[in-house]
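Fold and geometry: a report
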Amino acid sequence: MTAIAPETADAGSPLPQARLGDHDAFAQIIERHEAMVYSMAYHFFNDRGRAEEIAQDVFLQLYRNLGAIESDAHLLFWLRQVTTRRCIDLTRRARLKAVRLEDVGELRAAEKRSDALLDRRLRALIEELPDIQRAVVTLRYQEDLDPSEICRIVDLPVNTVKSHLHRALQSLRRRLGEHR
Amino acid sequence: MNLENDLKRALRRESPPAGFAGRVLEQAKSGAAGSQPAGSRRRAESSPFHWWRAAAASVMLAAVLGGYALHEVAERRRGERAREQVLRAMSIASEKVRYAQQQVREIGSH
Amino acid sequence: MRKFLLILALVAVAIPASAQQVNLDFPGLADRAEEVVDVTLDSAMLRLGAKFLSGDNEDERAVRDMIKNLQGIYVRSYEFSEAGEYDRGLIDKVKSQLGPTWKALVTVRSKTKENVNIFADMHGDKVTGLVIISAEPREFTVVNIVGPIDIERLASLEGQFGIPRISRGKNSD
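Residues numbered from 1 in each chain as written. Chains lettered and ligands numbered in written order. Predicted model: local features only at pLDDT ≥ 70, side-chain atom pairs only at ≥ 80, totals over all residues.

Observations concerning the confidence of the model for chain C
Residue and element names in this part refer to chain C. Across chain C, the average pLDDT comes to 79, with 79% of residues at 70 or higher. Within chain C, strand β6 (residues 139–146) carries the highest mean pLDDT (94), whereas helix α5 (residues 151–156) carries the lowest (84). Here residues 1–17 is modelled with pLDDT under 50, and outside its nearest four sequence neighbours on either side it reaches 45 contacts, counting other chains as well. When the criterion is pLDDT under 50, residues 162–173 qualifies, and its contacts beyond four places in sequence or with other chains add up to 46 contacts. Both scores are given for the predicted complex: the pTM is 0.48, the ipTM 0.80. (pLDDT = per-residue confidence, 0-100. Helix = DSSP H or I, 4+ residues; strand = E, 2+ residues; numbered from the N terminus. Contact = placed C-beta atoms within 7 Å.)

Describing the interface of chain C and chain B
Much of the literature gives interface size as the accessible area that the parts lose upon coming together. Facing the 39 residues of chain C at the interface are 29 residues of chain B. Among the elements that make up the side of chain C that touches chain B, the one with the highest residue count is helix α2 (residues 43–51) of chain C (5 residues). Per-class residue counts for the side of chain C that touches chain B are 28 nonpolar, 5 polar and 6 charged. (Nonpolar A, V, L, I, M, F, W, Y, C, P; charged D, E, K, R; others polar.)

Overview of the pairing of β6 of chain C
Residue and element names in this part refer to chain C. Here β6 lies mainly inside the structure; 7 of its 8 residues are buried. Here 8 bridges tie strand β2 (residues 72–79) to β6, and the two strands are oriented antiparallel to one another. Among the inter-strand pairings, glycine 72 is bridged to a residue of β6, identified as valine 146. One ladder, built from 8 bridges, connects strand β5 (residues 126–136) with β6; its direction is antiparallel. In the strand pairing of β6, leucine 130 is matched with isoleucine 145. Hairpin geometry of β5 and β6 is characterised by an intervening segment of 2 residues between the two adjacent antiparallel strands. (Buried ≥ 20, exposed ≤ 12 C-beta atoms within 10 Å, placed from the backbone. Pairing = 2+ DSSP bridges.)

Concerning helix α8 (residues 147–154) of chain A
All names here are of chain A. Restricting attention to buried positions, one finds in α8 the residues Ile150, Cys151, Ile153 and Val154. All buried residues of α8 project into a common sector of 160° when viewed along the axis, lining one side. Phi for aspartate 155, located one or two positions after α8, is positive at around 60°. (Arc of directions from axis to C-beta.)

Observations concerning the packing of helix α6 (residues 115–127) of chain A against helix α1 (residues 3–10) of chain B
The contact between α6 of chain A and α1 of chain B brings their axes to 9 Å, and the two run at 90°. The orientation of α6 of chain A with respect to α1 of chain B, classified from their angle, is roughly perpendicular. The segment α6 of chain A lies against α1 of chain B, with Asp115, Leu118, Asp119, Leu122 and Arg123 of chain A engaging Asp6, Leu7, Arg9 and Ala10 of chain B. When the residues that make up the contact of α6 of chain A with α1 of chain B are grouped by side-chain class, the tally is 4 nonpolar, no polar and 5 charged. (Axes fitted to C-alpha atoms, helices over the stretch in contact; angles between N-to-C directions. Parallel < 35°, antiparallel > 145°, perpendicular 65-115°, else oblique.)

Structure representation (structure tokens):
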């Protein structure tokens with residue numbers, strides 16, 4: 001027997017009011033989730049300006065589609081999925097890869113490892129990963145999702161997600177080792 | 001070096017520049033979003049809508065015993081999947097045609 | 001220096017007529033690819049998918065309208081980890097299937113960027129099918145649309161819909 005429960009928003013959630021056109025409620029939704037969406041885009045492209053543009057587009061798209069959002073859990077899933085897919089789509093439209101020369105120089109010249117430098121290096125290396133691997137790494141380590149949750153967002157079988165994650169980590173380890 | 005811990009630290013969430021929510025809201029209000037939220041058109045229906053959904057859930061629960069709902073659920077899944085496939089295919093086709101058009105325009109402008 | 005060869009023809013929306021489905025079987029390509037997109041939608045699946053396209057969403061309404069008279073949509077897209085991992089002869093393999101009613105609408109050729117060939121199946125001045133072949137250094141994509149399609153309208157889709165392009169990995173649909 002299958003129990004079917006209607007989806008509802010959490011108590012105190014601004015979602016129901018936002019769905020009715022309440023702009024203050026929609027602003028609350030943005031404030032709750034802006035860091036997640038912005039960071040996903042930033043870690044994908046390693047570019048703050050671009051990340052803000054993408055985040056803006058995602059929330060405007062949410063505004064158009066609020067009626068289809070059934071619950072706070074669905075909202076979270078929707079934002080992660082749309083942001084991921086938008087980043088991947090933009091990657092595939094990009095015809096030329098911009099290389100920031102100051103980053104390249106600093107990576108090669110680094111002798112002392114510090115957290116800040118390592119973080120910057122990692123973000124640059126992540127940007128060089130194939131788009132699906134980039135998405136999987138971001139969802140795993142920024143959003144702390146496990147592969148069974150990631151596979152729903154990227155719409156891939158769970159074993160494929162695990163394979164992408166494994167290859168991404170192998171690639172990052174190898175490249176980090178090249179800079180020592 | 002623990003790569004996974006390093007990745008969690010490197011990929012921690014950060015806030016966008018101050019005023020981000022306000023800027024988005026301004027664009028949404030000015031119509032850059034393209035349309036009003038679909039929910040605002042259902043303002044008068046929100047209470048009966050939830051009642052309807054609860055009633056539909058009860059009906060579906062009874063139908064499960066006869067196997068009918070299982071078929072409906074499977075059909076819905078197929079339909080949703082087909083919808084995603086249609087959108088995916090059209091997205092790819094559109095992207096390629098647009099790229100070709102862009103190249104045509106670039107040639108024409110030289 | 002980039003070189004472009006360009007052929008452009010005017011097209012119009014088509015009245016349904018006999019339309020050609022192209023063989024998009026590329027043995028072994030999926031195994032070598034890093035990412036694969038495999039879409040196969042015959043008329044039954046298109047009708048089913050159309051039912052689930054949202055009438056409230058402007059973009060999905062446009063798609064629903066565009067596909068209503070189609071007999072099929074087929075996409076094969078392969079992305080590779082390195083350049084040169086697929087045989088460029090595949091482009092000719094697809095083109096060789098196109099009969100005398102097929103006309104080249106656009107040919108974009110570049111040594112370093114994306115090559116795109118767009119062919120339309122013409123009956124009189126009506127388009128009854130479309131084949132798009134895209135060849136990039138690391139990606140090979142073929143789209144076959146069977147049935148009348150408005151190319152200008154297709155180009156005007158934003159390509160997002162909340163479900164922009166994403167790979168299914170090596171497991172096809």
